[in-house]
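Understanding the architecture of this molecule
The chain contents come next:
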There are 2 protein chains.
Amino acid sequence: MRRQAVKLFDPLKIGGMTIPNRIMVPAMVTHLCKEDGIVTQDSIDRYVRYAAGGAGLIIVEAMAIHQVKSGPLLRISDDKYIAGLRELTQRVHETSDSKIVPQIIHFLKVARTGWRQTADMLSLEEIDQIVEQFGDAVLRARQAGFDGAELHSAHAYTLSSFLSRANPRTDEYGGQSLEGRLRLIGRVMQNVRRKAGKDFPVGVRFNVEEFIKDGYTVVDSTLIAVRLAELGVDYISLSAGGKFEDAVHTPGQVLYPYNGYSGDRCMPGDWLPRALHAGIAAQVKSHLLSKGHRVPLAVAGKLDAPQDAERLIAEGMADMVGIARGLLADPDWPIKVRNGEQDRIVQCDYCNVCKALDGTHRTVICSLWPQGSIQAPKDDPSAQAPQWPQADTSLSSVSKGARVELKWPKAPGAANYQVYRADEQGDPQMMDAVKVTFWVDNSALGGHTYRYFVRPCSPTGKPGQRSNTETVRIPAPDYMVGA
Amino acid sequence: MRRQAVKLFDPLKIGGMTIPNRIMVPAMVTHLCKEDGIVTQDSIDRYVRYAAGGAGLIIVEAMAIHQVKSGPLLRISDDKYIAGLRELTQRVHETSDSKIVPQIIHFLKVARTGWRQTADMLSLEEIDQIVEQFGDAVLRARQAGFDGAELHSAHAYTLSSFLSRANPRTDEYGGQSLEGRLRLIGRVMQNVRRKAGKDFPVGVRFNVEEFIKDGYTVVDSTLIAVRLAELGVDYISLSAGGKFEDAVHTPGQVLYPYNGYSGDRCMPGDWLPRALHAGIAAQVKSHLLSKGHRVPLAVAGKLDAPQDAERLIAEGMADMVGIARGLLADPDWPIKVRNGEQDRIVQCDYCNVCKALDGTHRTVICSLWPQGSIQAPKDDPSAQAPQWPQADTSLSSVSKGARVELKWPKAPGAANYQVYRADEQGDPQMMDAVKVTFWVDNSALGGHTYRYFVRPCSPTGKPGQRSNTETVRIPAPDYMVGA
């Protein structure tokens, strides 16, 4: 039986809420609040911007259920936070039909020495307290006008550390058994339902793979997903990696769980492939369906190419696409894709400046935004496209061995330049987006011919005229000549 | 245009040699030789056994082109080794039409302190020497009667360290450019052809992904494969991981590159999925074809399920399947699959005892072989199947929470017992193969019903009667009751 193809802009029912399309903004740290954890005007502006851009479901950055010291991080650990959160949800709801859901987090302690608290250090009383705190937090989310809540059971945080194959506990919350590892999230869900009501949509985000030594893989995550479905979660959101176990410790800093290999997988840089977790997500989706579970499934990981997002949904590999950095770069991605204006997207180049800012507790922005902005610029379709001076589009190149250095004139009005490359048989691919007027290609193969062009883009992605196309024949390396 | 489906037992032309089927024994350390690096009778017996079992292509464990101290490791660094190697090739050729190819390795120095020599420590003169040594070694392989040679450019060894995205050199052998990283393997291939002849089949094994922080992915490996095809290599063999960068140092021991996460990916244990690199290999294959390169491609990684191996070949995801531990457990896998006797395969359970033996420089055996054997037992189809005593097949179970403990009587003649499990909708899966008469299931989900049975197997895989099927309803966890 072949189901009818679903489209990216079809609505989706998630428990009692209906999201207008399949595009999700996954939780992203912003550092736009202060140590007090209260929503600021900047926080509100960030999420209103996503709502204006038309995302179906906006997950608000993780907010803590407890008061353990941390950097600037939103809190939902006391009723005093509800007023600020209510203003956030109201402003988003006034803006569009996007739904807004907070990510609810508990994390263990970390110290600048590199020490960290691990799951086996928690007493049963502390576990009971965490269970209660999650329930209280989700109730507050409901009171604050959120459309649902998401339990953060991914990456390096408490719920994930219990789910982990590396969970070191020997009691009923671990004990090297899958059921033991599932016990905390199970009790948390039970208490969340009890306190916040069975009709309040609750999703769970967890890792489809841990990507650490001895970590779990899709062998377990299919079973974890089945359990979550049995618990009646309203959606499942898959992430990957982002663990403490392989984090690289910088002396004097707390461990950052995104700077090891598992961090590469969680926030993949430009050397990792697109849609890198789509195949594993599809295995989970297919396993869920085979067991009769129709719970909506979201997946993230370099899904900002519109054709990838559309294919994922059309082929039923997942029900929602999580696009984090792509929507940070351009919150208008949904509207532009819906209007067939893919050409105007401010395209993420996976430079990970946002990740570096997060890692050093600074305000997270996109490096493609205009200098000094802490929010994505408002779209202005009537704005001028950038223009090369006197139509001088003279892109030029110098080859140094297999290294190709490109340069071009400044185009007034350009916020950045997209650099494209095509090889003999291929279509042009965006290789990078830069603010400077030069670029170096280190990944060309000798003996091949490449075509390059550059497009100047306005702050909101309006493209100017393409440069001329520069065709470069890279010399074959000496060892191939006459081979 | 749809090509005709290729089958696992179709022959394949690899340069001047034709292998009788698509089944490859990838290089596996045996530690059957001594520190002198000379082929022993035990080494010969190991490879003759694979030939008798019908593998199409047997890659002999890595042999070194240089004299740097190491554990027991075959050598091809001097003409004095040719005689022993010639005896090996003759004995294999007398046994069957399997082809035999040595893996040729250069590695850098390691010390018990954890120190290791890295690619940037080599002078240009030392690099020139490596280039010469590879050429000399492949010529010796030809003189010894091998059907070809394989250059080891995977895992933690010299050629791979140059290919790596983590290559720290700043000169023309690195310099953060892909061409720089390709320069050593390019020069080696040129010299190998010059010294050993253009008509001698030469393959290259490299990592399809490094699986380390900042390591390369399929984004680069598609381009590396194109370069190898352009260099005219006769086959490409894909492996993954196995790097020093994430190895865990045991004080007093040299680093073992298979005990970190990248080692998990290289020799996946039972918690990693089957056919785990098939999808990435298919991307490389498809990229090669799109560029007009028809060079045969092999891939390895938990491919011992006959249906997986057959599907991979039939769908053209690769041209050969590398089955290492599966063929160590049962060298007769090819003959048994060809004869439709899948039921008689001594099935690898991915317990990785072989890996632990390698890691401690002990003779590598399979834990499913009869106690004390250093080779797989000779097949004997007329042997008795193991029998339960008085047909007492009384498999019994005890549930402790979600933990299920199974036990069964000893069946005389059984070398091991295969434990199978099926859930409600599923087919039985082999969960483990054990020599003892009990097994504990830690991965059952509460609230589900599982069916278990056990099969006693003779040393060569002849199965006795199945035990009774034990049906166990696992109690749902307390937090789900009434949920």
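Use the structure listed above.
Bear in mind that the values here come from a model prediction, so they are computed numbers and not experimental data.

**Quick look at the sheet that holds strand β16 (residues 438-441) of chain A**
Residue and element names in this part refer to chain A. Read from one edge to the other, the open sheet built from 3 strands follows the order β12-β13-β16, with strand pairing classed as antiparallel. The outermost strands of the open sheet, each flanked by one partner alone, are β12 (396-400) and β16. Strand-to-strand twist in this sheet, taken as the mean axis angle between neighbours without regard to direction, amounts to 20 degrees. In this sheet, β16 lies alongside strand β13 (residues 403-407) in antiparallel orientation, the contact comprising 4 bridges. Opposite Val404, over in β16, you have Asp441 as the bridge partner.

**Considering the sheet that holds strand β16 (residues 449-457) of chain B**
Residues and elements named next belong to chain B. Reading across from one edge, β14-β13-β16-β17 is the order of the 4 strands in this open sheet, with antiparallel pairing throughout. Because the sheet does not close on itself, it has two edges, and the strands there are β14 (429-434) and β17 (470-473). Looking at each pair of strands side by side, their axes are set apart by 25 degrees on average, direction ignored. Judged from the 5 bridges that link them, strand β13 (residues 416-422) and β14 form a sheet pairing that is antiparallel.

**A short note on the relation of the copies chain A and chain B**
Screw-axis analysis of chain A against chain B gives a translation of 0.0 Å along the axis, an RMSD of 0.0 Å, and a rotation angle of 180 degrees. Given the turn and translation reported, the copies of this chain are related as if by a two-fold rotation axis. A share of 98% of interface residues in chain A that are also interface residues in chain B marks the association as one of identical surfaces.

**Digging into the pairing of strand β6 (residues 149-153) of chain B**
Residue and element names in this part refer to chain B. Most of β6 is tucked away: 5 of the 5 residues are buried. The pairing of strand β5 (residues 99-105) with β6 spans 2 bridges and is parallel. Following the sheet pairing, Ile104 is matched in β6 by Leu151. A crossover links β5 with its parallel partner β6, the connecting element being helix α3 (residues 124-143), and its sense is right-handed. Direction of pairing for β6 relative to strand β7 (residues 202-207): parallel, over a ladder of 5 bridges. Bridge pairing in β7 links Glu150 to Gly203.

**Some details on helix α5 (residues 178-196) of chain A**
Residue and element names in this part refer to chain A. Over its 19 residues, α5 extends 27 Å from the first C-alpha to the last, a length consistent with the 27 Å expected when each residue adds 1.5 Å. Approximately 35 degrees is the largest bend angle found in α5, and it occurs at Leu184. With respect to burial, α5 is a largely interior element, 16 of its 19 residues being buried. Immediately downstream of α5, the backbone of Gly197 shows phi near 100 degrees, a positive value.

**Digging into the packing of α3(B) against helix α5 (residues 178-196) of chain B**
Residue and element names in this part refer to chain B. Direction vectors running N to C along α3 and α5 enclose 40 degrees, while the axes themselves pass 8 Å from each other. It follows from the interaxial angle that α3 and α5 lie oblique. The chirality of how α3 crosses α5 is right-handed. Taken together, the residues of α5 that come into contact with α3 (itself represented by Ile127, Asp128, Val131, Glu132, Phe134, Gly135, Asp136, Val138, Leu139 and Arg142) are Leu184, Arg187, Val188, Asn191, Val192, Lys195 and Ala196.

**A word on the packing of aromatic side chains**
All chains considered together, the criterion is met by 19 aromatic pairs over all chains. Between A:Tyr450 and A:Tyr452 the ring centres are 6.4 Å apart and the planes differ by 40 degrees, which places this aromatic pair in the tilted class. The exposure class assigned to A:Tyr450 is buried, which follows from its relative accessible area of 3%. Judged by its relative accessible area of 0%, A:Tyr452 falls in the buried class. Where B:Phe162 meets B:Tyr173, the ring centres are 6.3 Å apart and the plane angle is 90 degrees; that geometry is what we call edge-to-face. Note that B:Phe162 is positioned in helix α4 (residues 158-163) and B:Tyr173 in the loop between α4 and α5, a separation of 11 residues in sequence. One aromatic cluster is present, built from ring pairs that chain together A:Phe211, A:Tyr261, B:Phe211 and B:Tyr261. Here the basic side chain of A:Lys302 rests over the ring of A:Tyr350, its NZ or CZ set 4.6 Å away from the ring centre.

Basis of the calculations
Residues numbered from 1 in each chain as written. Chains lettered and ligands numbered in written order. Predicted model: local features only at pLDDT ≥ 70, side-chain atom pairs only at ≥ 80, totals over all residues. Heavy atoms only, no water. Pairing = 2+ DSSP bridges. Helix = DSSP H or I, 4+ residues; strand = E, 2+ residues; numbered from the N terminus. Axes fitted to C-alpha atoms, helices over the stretch in contact; angles between N-to-C directions. Least-squares fit on C-alpha atoms with pLDDT ≥ 70 in both. Contact = heavy atoms within 4.5 Å. Buried < 20%, exposed > 50% of the residue type's maximum accessible area, 1.4 Å probe, protein only. Right-handed = clockwise from strand over helix to strand, strands pointing away. Expected span 1.5 Å × (residues − 1). Bend = angle between axes of the 7 residues up to and from the residue. Parallel < 35°, antiparallel > 145°, perpendicular 65-115°, else oblique. Left-handed = near helix turned anticlockwise from the far one by under 90°. Phe/Tyr/Trp six-rings, centres within 6.5 Å; stacked < 30°, edge-to-face > 60°. Lys NZ or Arg CZ within 6 Å of the ring centre and 35° of its normal.

Purely geometric numbers; function is a separate question.
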